[in-house]
2 protein chains.
Amino acid sequence: MSEVYAARRDRLRERCHAAGSEAALVSGNANVRYLAGTAPAGAVLLVCPGQDVLLCPCDPFGEAGPRAAEDLQVLLLAEADGDPAVAGAERAAAAGRGSLAVEEHHLTVSRHRALRSVAPRLRLTDLGPAVEQQRLVKDDEEISSLRIAAEIADQALGELLESILVGRTERHLALELERRLVDHGATGPAFPTSVGTGPNSGLAGHLPSDRRVEEGDFLSVCVGADYRGYRSEIGRTFVIGTSPADWQIELYDQVFAAQRAGREALAPGTPYRDVDRAARLVLEAAGHAERVGPRIGHGVGLENDEDPRLTPSAMGKLDACVPVTVDPGVHLPGRGGVRIDDTLVVRPEADGGPELLTITTKELLAL
Amino acid sequence: MSEVYAARRDRLRERCHAAGSEAALVSGNANVRYLAGTAPAGAVLLVCPGQDVLLCPCDPFGEAGPRAAEDLQVLLLAEADGDPAVAGAERAAAAGRGSLAVEEHHLTVSRHRALRSVAPRLRLTDLGPAVEQQRLVKDDEEISSLRIAAEIADQALGELLESILVGRTERHLALELERRLVDHGATGPAFPTSVGTGPNSGLAGHLPSDRRVEEGDFLSVCVGADYRGYRSEIGRTFVIGTSPADWQIELYDQVFAAQRAGREALAPGTPYRDVDRAARLVLEAAGHAERVGPRIGHGVGLENDEDPRLTPSAMGKLDACVPVTVDPGVHLPGRGGVRIDDTLVVRPEADGGPELLTITTKELLAL
């Protein structure tokens, strides 16, 4: 496993070299994890010719050191050593490096100033989202972790549907889902589980309240599992009771059609914005232009919400082996709404097209 | 309630004015919540003469707007409006402000550059931890929220102790505790609940594993509730089985004595480092110098871990009405350990000394 991380760091090293920087200081937590195999809170990774170093902050809990890739030097700093990023810059300067590329989109102004002051001769450049770009296309190992993460979320959701729902609060349904994720081997939820009932249904990211499930409600659930750091996402909407009302069937069909259009647009070479447009057009045609959120989906991996963003203004094209969500929804104020959300991996037509990781049925179930 | 937030913003306004800045842009999430009464992810607060404005990012979920203090203008930005901090700077410049104080310890280098480029004539200064300092001393409203948060954690912990523990995994005990927090009215856990058994016991911040509770184990639990944004913290260590071993009794007594010494050191005017030293000396005398973490406690409020930090190198003195934890622990590699953690509010001797918010017994219980 360790050589995978070494190879990732080599790619970054080459990129830095090409950009004229002798070393890189990676401070984005998911970026550190991607390159080092572990990322204790606050740890930074110094990537430089010779030996790479993972600098871990003075552990407020006096824990044992992290399990990093074997070939990586790990430094557990003492409290007096202060900010690991500053310690990293000092190290780079002491090693005679002339320039250091830092992640200006992760480093605060204060920390950046501290780096400059401890290593005034070190030229600080901007690494930019270089590591985020490396993370876009996933390898087989990463995709199989995502596949398991998706399977776990499917199982947790499936079990919830078999239980009695009427009368239970959004909060408790969310907690039960999270418990089941762990039962099935997840490290934990990939993000705060969202459960919306009645007027709260269809609001993605809705934080569970004390509202109880009632007959006739729409019930929308968005849940994901964290498996080995990789995060799945699935969203489904159900109807509580015997038969859905006409407006519920109509709205569900519209969102389902939009979500299918988004899924079918997934292919290598397709511009991000075209995926957004494919789903958005269906909902606009149904008169919901004002009710569609700013985006139709997003990348998943070591973060639940990472590049690419599938929005009307997104720049760039999909590649093969890029996992994304397609999660359009419509919410009618006061009545509720529908959201349907899958995690898929972009695959070429020749390989059968997009690989659906979250396989729970998308027909409108009456529970 | 609303005037509380207005008064807090007025204090900040005066402070800015005294420091020569005409306006302030607050981007730290807890700081925004403290001043605005709400803080959607990514929201920033522009505090300036006349009307303060809460700028909320294009909501990726198309949610309804936040419930901010009534007298506060709330702007929900569209995706095209981009970064709320940038929009805030543009607004300040358009309003003819000459200078804007920003939180350089929260703002990334990239965002700071974006602010400069949209408002080149606006002089950007550093607000520093001005809002964090305002948050140090809590008002009665805040302390009563913390009191309820502590009560909820006490209840959840008390119920867990009445259930069968042997054979259950750390993960499931942690999940049950979090479910009980919510049962008792918490918004959620204040931080990831820590449950350590056997060799994992006494490791503060230990993430629950699949290890099962066994006879003779130490069981250490650290849990807290989030109530209205305010976060309690309690840690206790128990023995599983009929009677603790001698080494367990000895270690427990040492940590208990250290924790009591720390609690007794809490008083207005006491230097932070003296509280750390009071507890640390007890454990050093017991031969655990190397096993004590870098700090003995920390402030709690809208964040679980905020100022003041009770460490050997901390600068500053305690004030009345500052809530802190006192949470020393010792972990013996391979055997396990003890951690005892309370949330207290600093009070003058005349008012009876420190107010203990987490009242669960600290005698060594055999469960």
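Here is what the cut-offs are and how they apply
- Residues numbered from 1 in each chain as written.
- Chains lettered and ligands numbered in written order.
- Predicted model: local features only at pLDDT ≥ 70, side-chain atom pairs only at ≥ 80, totals over all residues.
- Heavy atoms only, no water.
- Pairing = 2+ DSSP bridges.
- Helix = DSSP H or I, 4+ residues; strand = E, 2+ residues; numbered from the N terminus.
- Axes fitted to C-alpha atoms, helices over the stretch in contact; angles between N-to-C directions.
- Parallel < 35°, antiparallel > 145°, perpendicular 65-115°, else oblique.
- Left-handed = near helix turned anticlockwise from the far one by under 90°.
- Contact = heavy atoms within 4.5 Å.
- Nonpolar A, V, L, I, M, F, W, Y, C, P; charged D, E, K, R; others polar.
- Polar contact = N/O pair within 3.5 Å; in protein donor to acceptor, adjacent residues only side chain to side chain.
- Buried area = accessible area lost by both parts, 1.4 Å probe.
- Salt bridge = Lys/Arg side-chain N within 4 Å of Asp/Glu carboxyl O.
- UniProt positions renumbered as here; feature names shortened; annotations may be inferred.
- Least-squares fit on C-alpha atoms with pLDDT ≥ 70 in both.
- Buried < 20%, exposed > 50% of the residue type's maximum accessible area, 1.4 Å probe, protein only.
- Lys, Arg positive; Asp, Glu negative; His and termini not counted.
- pLDDT = per-residue confidence, 0-100.
- Phe/Tyr/Trp six-rings, centres within 6.5 Å; stacked < 30°, edge-to-face > 60°.
- Lys NZ or Arg CZ within 6 Å of the ring centre and 35° of its normal.

J.: Where do I start with the sheet that holds strand β2 (residues 44–47) of chain B in this structure?
T.: Backbone-to-backbone hydrogen bonds join strands into a sheet, with any given pair of strands oriented parallel or antiparallel. Residue and element names in this part refer to chain B. If you walk across this open sheet you meet the six strands as β4-β3-β2-β1-β5-β6, and the pairing is mixed. The strands lining the two open edges of the sheet, one partner per strand, are β4 (73–76) and β6 (123–126). Adjacent strand axes in the sheet meet at a mean angle of 25°, parallel and antiparallel pairs treated alike. Both strand β3 (residues 53–56) and β4 contribute to a ladder of four bridges, which runs parallel.

J.: What's the story with the packing of helix α3 (residues 84–94) of chain A against helix α4 (residues 109–118) of chain A in this structure? I'm lost.
T.: Two measures define how a pair of helices packs: the angle their axes make with one another and the distance between the axes. Residues and elements named next belong to chain A. In the contact formed by α3 and α4, the axes pass within 9 Å of each other and the chain directions differ by 30°. Here α4 runs roughly parallel to α3, going by the angle between their axes. For the pair α3 and α4, the crossing hand works out as right-handed. For the pair α3 and α4, contact is made by A85, V86, A89 and E90 and by R111, A114, L115 and V118, respectively. Split into classes, the residues belonging to the contact of α3 with α4 amount to six nonpolar, no polar and two charged.

J.: Just checking my understanding: could you explain the side chain of E306 of chain B for this structure?
T.: Residues and elements named next belong to chain B. One can find E306 in strand β14 (residues 306–310). At a separation of 2.7 Å, a polar atom in the side chain of E306 contacts the side chain of R135. A polar side-chain atom of E306 sits 3.4 Å from the main-chain amide nitrogen of L302. When near neighbours in sequence (up to four residues on either side) are disregarded, E306 contacts R135, K138, H298, G299, V300 and G301.

J.: Help me out: how do you make sense of the interface of chain B and chain A in this one?
T.: Accessible area lost upon the coming together of the parts serves often as the stated size of an interface. Opposite the 34 residues of chain B that make contact, chain A presents 35 residues. Here chain B packs against chain A, burying approximately 2,700 Å² in sum over the two surfaces, 56% of which is carbon and sulfur. Here R113 of chain B makes a salt bridge to E104 of chain A, at a shortest N to O gap of 2.1 Å. Inspection of the chain B/chain A interface yields 14 residue pairs in polar contact (both at pLDDT 80 or more). Listed by contribution, the elements that provide at least two residues to the side of chain B that touches chain A are α4 (109–118) and α7 (170–183) of chain B.

J.: Can you help me understand the packing of helix α1 (residues 2–18) of chain B against helix α2 (residues 29–36) of chain B in this one?
T.: Residues and elements named next belong to chain B. The geometry of α1 relative to α2 is characterised by a closest axis approach of 7 Å and an angle of 120° between their N-to-C directions. Contacts between α1 and α2 involve Y5, R8, R9 and L12 from the former and R33, Y34, L35 and A36 from the latter. Here the contact of α1 with α2 is built from residues that sort into five nonpolar, no polar and three charged.

J.: Teacher, can you tell me more about the UniProt feature "domain: Peptidase M24" (unreviewed entry) in chain A here?
T.: In the numbering used here, UniProt assigns the feature "domain: Peptidase M24" (unreviewed entry) to residues 146–347 of chain A. Strand forms 23% of residues 146–347 of chain A and helix 32%; the C-alpha atoms that close the span are 15 Å apart.

J.: I tried to follow unusual backbone geometry on my own but got confused; where do I start?
T.: Residues other than glycine predominantly adopt negative phi, and peptide bonds predominantly adopt the trans conformation. Residue and element names in this part refer to chain A. Cis geometry marks the peptide bond from D307 to P308; its omega dihedral reads -5°. Mapped onto the elements, P308 comes out in strand β14 (residues 306–310). Here the phi dihedral of R228 falls at roughly 55°; this positive angle occurs in a residue that is not glycine. One can find R228 in the loop between β10 (225–227) and β11 (230–231).

J.: Can you walk me through the relation of the copies chain B and chain A in this structure?
T.: To go from the first copy of the chain to the second, apply a rotation about an axis and then a shift along the same axis. By a simple turn and slide, chain B fits onto chain A: the slide is 0.0 Å along the axis, the RMSD is 0.0 Å, and the turn is 180°. The transformation just described matches what one would write down for a two-fold rotation axis. Closest to the rotation axis within chain B is the C-alpha of T108 of chain B, separated from it by 1.9 Å. Of all interface residues in chain B, 100% are interface residues in chain A too; the two copies therefore contact each other through one and the same surface.

J.: How should α2 of chain B be read in this particular structure?
T.: Turn by turn, an α-helix covers 3.6 residues, leaving residues three or four places apart pointing in a common direction. Residue and element names in this part refer to chain B. The buried count for α2 comes to six of eight residues, which makes it a mostly enclosed element. Within the sequence span of α2, burial applies to A30, N31, V32, Y34, L35 and A36. Backbone geometry just downstream of α2 places G37 in the positive-phi region, at approximately 85°.

J.: Just checking my understanding: could you explain the pairing of β14 of chain A for this structure?
T.: The two faces of the sheet receive side chains in turn, since in a regular strand these alternate between them. All names here are of chain A. The pairing of strand β13 (residues 297–299) with β14 spans three bridges and is antiparallel. In the strand pairing of β14, G297 is matched with L310. Hairpin geometry of β13 and β14 is characterised by an intervening segment of six residues between the two adjacent antiparallel strands.

J.: Could you clarify how one ought to interpret the side chain of E170 of chain B in this entry?
T.: Residue and element names in this part refer to chain B. With respect to the helices, strands and loops of the structure, E170 is situated in helix α7. Despite its burial, E170 pairs with no opposite charge; the closest candidate is R211, at 5.3 Å N-O. A polar side-chain atom of E170 sits 2.9 Å from a polar atom in the side chain of T197. Ignoring sequence-local partners within four residues, the contact set of E170 consists of V195, G196, T197, N200, H206, L207, P208, S209 and R211.

J.: Explanation requested: the sheet that holds β11 of chain A in the structure shown.
T.: Residue and element names in this part refer to chain A. The sheet built from three strands is open, its strands ordered β7-β10-β11 with antiparallel pairing. Across the chains shown, the open sheet's two edge strands, defined by having one partner strand only, are β7 (188–189) and β11. The pairing of β10 with β11 spans two bridges and is classified as antiparallel. By the bridge assignment for β11, D226 is matched with R231. Along the sheet face, helix α6 (residues 140–162) touches β10 and β11 and points at about 145° away from the line of β10.

J.: Help me understand the confidence of the model for chain A, please; the structure alone is not making it clear to me.
T.: In regions of low pLDDT, the predicted coordinates are not meant to be interpreted in detail. Residues and elements named next belong to chain A. Residues of chain A with pLDDT of at least 70 account for 96%, and the chain-wide mean is 93. pLDDT under 50 marks residues 60–66. Its contacts with residues more than four places away, or in other chains, come to 17 contacts. Prediction confidence for the complex, expressed as pTM and ipTM, is 0.87 and 0.81 respectively.

J.: Sorry, what's going on with the environment of V213 of chain B here?
T.: All names here are of chain B. Structurally, the position occupied by V213 is in the loop between β8 (194–197) and β9 (218–223). For V213, a relative accessible area of 2% translates into the label buried. A sequence separation of twelve residues divides V213 from A225, and the C-alpha atoms of the two residues are 24 Å apart.

J.: What am I meant to see in the packing of aromatic side chains here?
T.: Two aromatic rings, taken as a pair, are described by how far apart their centres are and by the angle between their planes. Residues and elements named next belong to chain A. Evaluation of the coordinates by the stated rule reveals two aromatic pairs over all chains. Centre to centre, the rings of F218 and W247 are 5.5 Å apart; their planes meet at 80°, and the pair counts as edge-to-face. Of the two residues, F218 is situated in strand β9 (residues 218–223) and W247 in helix α8 (residues 246–264); the sequence distance between them amounts to 29 residues. Given a relative accessible area of 1%, F218 falls into the buried group. Above the ring of W247, the side-chain terminus of R335 is found at 4.3 Å from the ring centroid.

J.: Looking at this model, I keep getting lost on the pattern of salt bridges. Mind explaining?
T.: Pairing between side chains of opposite charge can happen when the charged atoms of each approach one another. Residue and element names in this part refer to chain A. Scanning all chains against the criterion turns up 56 salt bridges over all chains. Taking the shortest distance from any N to any O, the salt bridge between D226 and R231 comes out at 3.1 Å. Comparing D226 with R231 shows no difference in burial state: the two are buried. If you follow the salt bridges from partner to partner, you end up with R9, D10, R13 and D52 in one network.

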